[in-house]
Amino acid sequence: GLPVLVVCSNRLGMLNHTQLTVDSIIAKGLHCAGVIINHPEPAAESPAIITNAAILEKLLPVPVLGEILFGASSIPPLLLEKIAALLQCSE
């Protein structure tokens, strides 16, 4: 009964993969609360990596909740607050 959060890896091909995943969740009748973008590698100058977040926000019918940068030792506090609110629970 909980909403689904999609975590995607920011790399080439992420747009198509994430859109198909979100579409599948919705088609199954589940509630997709949003997408979190993960950066599994150090920042790169790839056009895809630079533009993926902005394009994804336009493509999806659900919000991009935030990003987790490479090497982060924890989830950013604002993103944690958004997730907790979606799950209607405390941190």
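Refer to the structure printed above.
Residues numbered from 1 in each chain as written. Predicted model: local features only at pLDDT ≥ 70, side-chain atom pairs only at ≥ 80, totals over all residues. Heavy atoms only, no water.

1. Concerning the pairing of strand β3 (residues 64-68)
Right, so step 1: Most of β3 is tucked away, with 4 of its 5 residues classed as buried.
Right, so step 2: Both strand β2 (residues 32-38) and β3 contribute to a ladder of 4 bridges, which runs parallel. Among the inter-strand pairings, I37 is bridged to a residue of β3, identified as E67.
Right, so step 3: At this point the chain moves from β2, through helix α2 (residues 47-59), to the parallel β3, and the crossover so formed is right-handed. (Buried < 20%, exposed > 50% of the residue type's maximum accessible area, 1.4 Å probe, protein only. Helix = DSSP H or I, 4+ residues; strand = E, 2+ residues; numbered from the N terminus. Pairing = 2+ DSSP bridges. Right-handed = clockwise from strand over helix to strand, strands pointing away.)

2. Details of the sheet that holds β3
Right, so step 1: Read from one edge of the open sheet, 3 strands run β1-β2-β3, paired in parallel fashion. Two strands in the sheet have a free side with no partner beyond their single neighbour: β1 (4-9) and β3. Across the sheet, the mean angle from the axis of one strand to that of its neighbour is 25 degrees, orientation sign disregarded.
Right, so step 2: Along the sheet face, helix α3 (residues 77-87) touches β1, β2 and β3 and points at about 140 degrees away from the line of β3. (Axes fitted to C-alpha atoms, helices over the stretch in contact; angles between N-to-C directions. Contact = heavy atoms within 4.5 Å.)

3. A look at the nonpolar core
Most often, soluble globular proteins have nonpolar side chains that are buried together.
Right, so step 1: Formed by 13 residues in total, the largest nonpolar core has its most connected members in V22, V35, I37 and L56.
Right, so step 2: Beyond its immediate sequence surroundings of up to four residues, V35 is in contact with V6, C8, T18, V22, L56, L60, V62, P63, V64, L65 and G66.
Right, so step 3: Of all hydrophobic cores here, the second largest spans 5 residues; its members include I36, L65, I68 and I83. (Core = buried A, V, L, I, M, F, W, Y, C linked by side-chain atoms within 4.5 Å.)

4. With respect to the environment of P42
Right, so step 1: Along the chain, P42 turns up in the loop between β2 and α2.
Right, so step 2: What makes P42 exposed here is its relative accessible area of 52%.

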